[in-house]
Amino acid sequence: MTDEPTVVRPYGDTTGDGMVQTSFTLPVPPGPRAEGAALQLAAKMGIEPAMVVHSHGIGAGFTFFVVYGSVRHLVDLAEVHVEERAYPLLSPSEVNAAVKTGLHRKLVVLGACIGTDAHTVGIDAILNLKGFAGEKGLEYYRELAVENMGAQVTVPELVARARAQRADAVLVSQVVTQKDAHLRNTREMAGAFREAMGEQRPLLIVGGPRFDPQMAAELGVDKVFGRGTTPGEVASYLVAALTPAPTPAPTPETTSTDAAQEVPA
Amino acid sequence: MVSTRLDLDPRLTVTARELAARAAQPVIDLATRHTTVSVERAVLRLAGLAGTDPVAGEGDIPWVNRVVDTVREQVGLEHGVALPVWHAITSGAAHDLDDVAEQVGAGTARFTVPEGTAAEQARAAARAASARGIARIDANRARRDELVALHGDPPRRPWIYLIVATGDIYEDIPQAQAAARAGADVIAVIRSTGQSLLDYVPEGATRTGYAGTYATGENFRLMRAALDDVSAELGRYVRLTNYASGLCMPEIAVLAGQERLDMMLNDAMYGILFRDINPVRTFVDQRFSRMVHARAGIIINTGEDNYLTTADAVDEAHTVTVSQLLNERFAHEAGLADWQIGLGHAFEIQPDLPESFRLELAHAMLARSLFPDAPLKWMPPTKHMTGDVFRGYLLDGFFNLAGLLTDQSILLVGMMTEAVVTPWLSDRDLALRNVRYVLDAAGGLSEDFSPPPGGFIDRRAHTVLTEAVTLLERIVQDGLLESIAAGTFGITKRPADRGKGLDGVARIAADHYNPALDVLTEKADD
């Protein structure tokens, strides 16, 4: 694998052709001037030469474009930093065994959608017996005691319940992201647990389709799960974070957000 | 025009409706024995009380809340607010309703529950005020009929239903007009997240909604006026939809009638299951709100699509049918005619499942055949929209085709960017192009499409209907409230003595008087 190239370009149909396609709308009436404007934007995005392969007007003052072209930017794989899973993926029986030998009691998990978010899809997919992506939910795990508080739980309710149930872990799902509600709600929750319970607070885990998994520290939680997370990954993380060795504890989150971003924001 | 129908086993359909009626009856009885703060506030809104108390809170508490809360503190809610409030007027303690509100604001109001002749006078005055309020709603209904006659209905079914949601009514208006020009027949203004759980209706034109725009009387008026303009321009009456759900269903229903909205989201159980609103509160509120909608000539839209976002669309298909049957029963009881009952269902089967499209057709045809005269609302995929916008666009195309093949009445336009962003201008445009392509390319296809008896679609529809009957039998046996408490619908368990808004429910006393119900039921018997 040593001769794998570290610098790559987008692939259309030939190595190194750099081909990308993109679509966007400009507040310009359709016509040659609009197409010229689209080409100018494409060039500034690094797509050169670019082809406006399609355009049509939307209403009186807007034009929609589909653009193909070769992007001049390079991607340096050596400069790409992503979070690798820092814990082993366990089967349900391995999770049960680890909890039983590690804790000698059930591991208590509390789940909720907080704030005004009424979308229980995420938390249900992880917790419900039914599960997600062919994996059974956490309710299926014999050694996990799971309570799903449902939607629109207030932060004080969640903190009180976590205390009453002596929750080991609190899972919060956030789907609504308008105006960064998911980030705001998460920070509020983390702050409330810190204030109410200090070091005794449960493990805090948030998840949702628009979270960046690298944001845990910034949000004040222990772990962030993004789109496509399965119940098994969550269960495995719980074991890694909450039961003593032999399972190694998770390594601290990397805070690097650097990627080979040459495209201007 | 030939319509696609399955020949459903009449024993099953008759049994299903009988069971739905039996399941609903105890809840209807319960609803008639209770009132709620929102029902009582609706009575005051109907009589014309509007505005907010400039002094209470941050100046955003409506007068109807202030008056109802004060009446409740002084004499309780069990008599209804009409008796004490109009007694204050007929006894000369206040000139009119606004004066009552002012006295409440000043802290000088002293409410008593009248008896004998004084009670008769208060009832008569309250009834006259309610009748004037209903007359305004009647006039709006007549005006709608005139405008539909003048501009015309959409040229074809299904009606194309598009959502606008910026949070700012003044941004919504040009977007809604643009959507109408691009082909939308129905504009829905999504509400601000969390409005369901506000125990008051915000006031005035609003610009600060969150993932949606607040439902207020003034926002309703502004949007309806804007759509009247665009209807005249297009020569097609463009309908307006909002949401009578949450803690203020009855009041929002009144506002919708006052401002000539055309359709309203209104589900009998949605608030209970998805918003954790107390079941009794919900059933009382939905009954009153539906009586107002019935009178206003509004088409309700029920929320069965929601079940399928939390449960499996194949395994739980029968819960949709059960909910449709219950919604139909509650709607009929509240006086809604079949043409007003827009029962919902959705295209939410896992697309990787073999024969998923045939299963969708079977479920959609079951709804069409079981409710032949209902303006069914067909909702697009959301659960399996993954962010792969290309696949999403294809899936929406199949959704559009299924809607057309199975003769759906109202088609909510699906967005390929569902679950990614709130729709962009181009997303809406592409989505409408998708719909137009399918309608233009295959508009008459339902004429050629009749699944054979005993075939896959016919068998699947009967399986779902049979499962629905079995579930209804269980609900009749256990009780609807008990079934909701036990988690029969979706996975959520909602006991009747819990949930939000329970403190706003009161069992009515023998002398309870609701003048709006009085006027509404009298006319309904005509």
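Residues numbered from 1 in each chain as written. Chains lettered and ligands numbered in written order. Predicted model: local features only at pLDDT ≥ 70, side-chain atom pairs only at ≥ 80, totals over all residues. Heavy atoms only, no water.

- As recorded by an unreviewed UniProt entry, chain A carries the name Lysine 2,3-aminomutase and is attributed to Goekera deserti.

1. Considering the overall build of chain A
Phase 1 of the analysis: Check the secondary structure of chain A and you find 7 helices and 10 strands.
Phase 2 of the analysis: A burial count over chain A gives 42% of its 265 residues as buried.
Phase 3 of the analysis: Considering only contacts in chain A between residues 6 or more positions apart, those separated by 24 or more positions represent 67%. (Helix = DSSP H or I, 4+ residues; strand = E, 2+ residues; numbered from the N terminus. Buried < 20%, exposed > 50% of the residue type's maximum accessible area, 1.4 Å probe, protein only. Contact = heavy atoms within 4.5 Å.)

2. Things to note about the overall build of chain B
Phase 1 of the analysis: Counting its regular elements, chain B contains 19 helices and 13 strands.
Phase 2 of the analysis: For chain B, the C-alpha radius of gyration of 23 Å lies close to 24 Å, the compact-globule estimate for 526 residues.
Phase 3 of the analysis: Across the 526 residues that make up chain B, the buried fraction comes to 62%.
Phase 4 of the analysis: Counting contacts in chain B only where the partners sit at least 6 residues apart, residues at least 24 apart contribute 76% of the total.
Phase 5 of the analysis: For chain B, the exposed surface amounts to about 19,200 Å²; the carbon and sulfur share of it is 52%.
Phase 6 of the analysis: Side chains of chain B give 50 positive and 71 negative charges; the mean places of these two sets differ by 1 Å. (Rg over C-alpha atoms; globule rule 2.2 N^0.38 Å. Areas by Shrake-Rupley, 256 points an atom, 1.4 Å probe, with all protein chains shown as cover. Lys, Arg positive; Asp, Glu negative; His and termini not counted. Charge placed at Lys NZ, Arg CZ, Asp CG, Glu CD.)

3. What about the pairing of strand β4 (residues 159–164) of chain B?
Residue and element names in this part refer to chain B.
Phase 1 of the analysis: Where burial is concerned, most of β4 is hidden: 5 out of the 6 residues are buried.
Phase 2 of the analysis: Sheet topology note: the β4/strand β12 (residues 410–412) ladder contains 3 bridges and is parallel. Each bridged residue has a counterpart across the sheet, and for Y161 the counterpart in β12 is L412.
Phase 3 of the analysis: As judged from the 4 bridges shared by β4 and strand β5 (residues 186–189), these two strands associate in the parallel manner. Pairing of I163 across the sheet is with A188, part of β5.
Phase 4 of the analysis: Handedness of the crossover joining β4 and β5 through helix α7 (residues 169–181): right-handed. (Pairing = 2+ DSSP bridges. Right-handed = clockwise from strand over helix to strand, strands pointing away.)

4. As for the pairing of β5(B)
All names here are of chain B.
Phase 1 of the analysis: Of the two faces of β5, the one lined by V186 and A188 and the one lined by I187 and V189 are each fully buried.
Phase 2 of the analysis: By the bridge criterion, 3 bridges tie β5 to strand β6 (residues 239–243) in an arrangement that is parallel. The residue of β6 that forms the bridge with V186 is R239.
Phase 3 of the analysis: Between the parallel pair β5 and β6, the chain is carried across by helix α8 (residues 217–234), and the sense of this crossover is right-handed.

5. Comments concerning the packing of aromatic side chains
Phase 1 of the analysis: Enumeration according to the criterion identifies 10 aromatic pairs over all chains in this entry.
Phase 2 of the analysis: For the ring pair A:F24 and A:F65, a centre distance of 5.6 Å and an interplane angle of 40° mean the geometry is tilted. Here A:F24 is found in strand β2 (residues 19–26), whereas its partner A:F65 is found in strand β4 (residues 62–71), with 41 residues between them in sequence.
Phase 3 of the analysis: Between A:Y140 and A:Y141, the ring centres sit 6.4 Å apart and the planes meet at 85°, which makes this aromatic pair edge-to-face.
Phase 4 of the analysis: An aromatic cluster is built from B:F347, B:F357, B:W378, B:F398 and B:F399, whose rings are joined through pairwise contacts.
Phase 5 of the analysis: A cation over an aromatic ring shows up here: B:R157 above the ring of B:W159, its NZ or CZ 4.0 Å from the ring centre.
Phase 6 of the analysis: Above the plane of the ring of B:F456 lies B:R358, whose end atom (NZ or CZ) is 4.2 Å from the centre. (Phe/Tyr/Trp six-rings, centres within 6.5 Å; stacked < 30°, edge-to-face > 60°. Lys NZ or Arg CZ within 6 Å of the ring centre and 35° of its normal.)

6. Comments concerning the pattern of salt bridges
Side chains that differ in charge, positive against negative, can pair when their charged atoms come close.
Residue and element names in this part refer to chain B.
Phase 1 of the analysis: Taken as a whole, this structure holds 34 salt bridges over all chains when the rule is applied.
Phase 2 of the analysis: For D53, the salt bridge is made with R66, and the minimal N-O distance between the two is 2.7 Å. One end of the pair, D53, is in strand β2 (residues 52–53); the other, R66, is in helix α3 (residues 63–75), and 13 residues separate them in sequence.
Phase 3 of the analysis: Between R221 and E218 there is a salt bridge, with the nearest N and O atoms lying 2.8 Å from each other. Of the two residues, R221 and E218 both sit in helix α8, 3 residues apart, roughly one turn of that helix.
Phase 4 of the analysis: Given a relative accessible area of 39%, R221 falls into the partly exposed group. (Salt bridge = Lys/Arg side-chain N within 4 Å of Asp/Glu carboxyl O.)

7. With respect to helix α1 (residues 10–32) of chain B
All names here are of chain B.
Phase 1 of the analysis: The first and last C-alpha atoms of α1 sit 32 Å apart over 23 residues, in line with the 33 Å expected at 1.5 Å per residue.
Phase 2 of the analysis: Along α1, the largest kink reaches about 35° and is centred on Q25; proline P26 follows within four residues of it.
Phase 3 of the analysis: What α1 keeps buried is the set L12, T13, A16, L19, A20, A23, A24, V27, I28, L30 and A31.
Phase 4 of the analysis: On the buried face of α1, the contacting elements are β1 (34–36), α11 (279–296), α13 (317–333), α14 (356–370), α17 (456–478) and α18 (480–486).
Phase 5 of the analysis: The N-cap residue of α1 is D9: its side-chain oxygen and the backbone nitrogen of R11 are 2.9 Å apart. (Expected span 1.5 Å × (residues − 1). Bend = angle between axes of the 7 residues up to and from the residue. Polar contact = N/O pair within 3.5 Å; in protein donor to acceptor, adjacent residues only side chain to side chain.)

8. Observations regarding the sheet that holds β2(A)
Residues and elements named next belong to chain A.
Phase 1 of the analysis: One open sheet holds the 3 strands; their spatial order is β2-β4-β3, and the pairing between them is antiparallel. The sheet is open, and its two edges are formed by β2 and β3 (47–58), each paired on a single side. On average, each strand axis in the sheet is tilted by 20° relative to the strand beside it, whichever way the strands run.
Phase 2 of the analysis: With 9 bridges connecting them, β3 and β4 associate as antiparallel partners. Residue pairing in the sheet places I47 in a bridge with V71 of β4.
Phase 3 of the analysis: The sheet strands contacting helix α1 (residues 32–44) are β2, β3 and β4, and the helix crosses β3 at an angle near 140°. (Axes fitted to C-alpha atoms, helices over the stretch in contact; angles between N-to-C directions.)

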